[in-house]
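Chain residues, written in single-letter form:
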Amino acid sequence: MEKTEVTKGQLIYDGKAKKVYATSNPNYFIQEFKDDASVPDDIKTGAVRSKGICNNRISAICFNMLERRGVPTFFVELLGEREMVVRKLEIFPIDIVVRNVAAGSLCSRLDLTEGMALPFPVVEFHLKDDKLRDPLINHDHIKIITSVTEGEVKVLESRAKEINCHLKNFFYERNLILVEFKLEFGKDISKRVRLGDEISPDTCLLWDRDSYEKLDKDRFRRDLRGAEEAYQEVLKRVSAA
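Figured I'd write up the structure that's included with this text. Note that the structure is predicted; figures quoted are calculated from it, not measured. (Residues numbered from 1 in each chain as written. Predicted model: local features only at pLDDT ≥ 70, side-chain atom pairs only at ≥ 80, totals over all residues. Heavy atoms only, no water.)

Topic: the pattern of salt bridges
Should the charged atoms of two oppositely charged side chains come close, the side chains can pair. A complete count under the given rule lists 29 salt bridges for this structure. Note that D36 is salt-bridged to K34, the shortest N-O span being 3.6 Å. For D36, a relative accessible area of 36% puts it in the partly exposed group. When its relative accessible area of 13% is taken as the criterion, K34 is described as buried. The partner of E124 in a salt bridge is R109, with the nearest N and O atoms 2.8 Å apart. Residue E124 is located in strand β10 (residues 117–127), and its partner R109 is located in helix α2 (residues 104–110); the two are separated by 15 residues in the primary sequence. A residue is classified by how much of its surface remains accessible, and E124, at 5% relative accessible area, is buried. With relative accessibility at 40%, the residue R109 sits in the partly exposed group. Members of the salt-bridge network, linked through shared partners, are K18, D95, K128, K182, E184, D197 and E198. (Salt bridge = Lys/Arg side-chain N within 4 Å of Asp/Glu carboxyl O. Buried < 20%, exposed > 50% of the residue type's maximum accessible area, 1.4 Å probe, protein only. Helix = DSSP H or I, 4+ residues; strand = E, 2+ residues; numbered from the N terminus.)

Some words on the environment of E184
Note that E184 resides in the loop between β12 (176–183) and β13 (185–187). Expressed as a C-alpha distance, the spacing of E184 and L167, which sit 17 residues apart in the sequence, is 15 Å. Aside from chain neighbours lying at most four places away, what touches E184 is I91, D95, K128, R194, L195, G196 and D197. Only 3.1 Å separates the side chain of E184 from the side chain of K182, close enough to count as a polar contact. (Contact = heavy atoms within 4.5 Å. Polar contact = N/O pair within 3.5 Å; in protein donor to acceptor, adjacent residues only side chain to side chain.)

Re the sheet that holds strand β2 (residues 18–23)
Here we have five strands laid out as an open sheet, ordered β1-β2-β3-β7-β6, and antiparallel in their pairing. A single partner strand is all that each edge strand has here, and the edge strands are β1 (8–14) and β6 (75–78). The sheet shows a mean angle of 30 degrees between the axes of neighbouring strands, taken without regard to direction. Here β1 pairs with β2 via four bridges, running antiparallel. Across the sheet, D14 pairs through a bridge with K19, a residue of β2. (Pairing = 2+ DSSP bridges. Axes fitted to C-alpha atoms, helices over the stretch in contact; angles between N-to-C directions.)

Here we look at the sheet that holds strand β14 (residues 193–195)
Hydrogen bonding along the main chain pairs the strands of a sheet, whether they run parallel or antiparallel. Spatially, three strands are ordered β8-β13-β14 in an open sheet, and the strand pairing comes out antiparallel. Strands with a single pairing partner mark the edges of an open sheet, and in this sheet they are β8 (90–91) and β14. Of the strand pairs in this sheet, β13 and β14 are connected by three bridges, and their pairing is antiparallel. Bridge pairing in β14 places F185 opposite L195. Across the face of the sheet, helix α4 (residues 150–172) comes into contact with β13 and β14 while running at roughly 130 degrees to β13.

What follows is the structure, encoded as structure tokens:
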């Protein structure tokens, strides 16, 4: 991976799970992972000890894997236990959710049984808007309310399906089922589309392949015990050769 010398600058974003800092190089940011945890509308907030450390390392491993398979990401290098250097991106105002197994909101919306394998990956677009609770949108909505072009939407959808194939296989080999996950994309200074954000138990639903035990943020959301151990177990598995 690319190496760069940067020093941390001003805090420019403080979100629910991460902080982002400017650096001495205007083309790079430092992304810091937090232990903070919450559910939508902050009905429940708290922290999962060492979550930020686990998510930083899990994301780096997954980004590196995707880069080796030809998927451009914004990841540059790990900087410390909780920090990574990333490329500055102009983020698309769209979250992409890829679903392989029925779970969560898909079950409540379509009256599906949790755990049902879907016949093909379902790709959803959600508007990035906390006030509107990130509503589900389609291609026509995107044309009306964003500046994202039809060509860019096709690229994002194709890239999401490609990433899904790589991640599903990667996790399956480590005895994990990739149930669903959220992706964010953006354009770098040369206008190249790159994957951003993170790939971790915060943005993925991951189940043990044999027992279907949940090893992701749902342990916090659903008041299940062992959230800290779940994050550590995922890190242990993805770190294995």
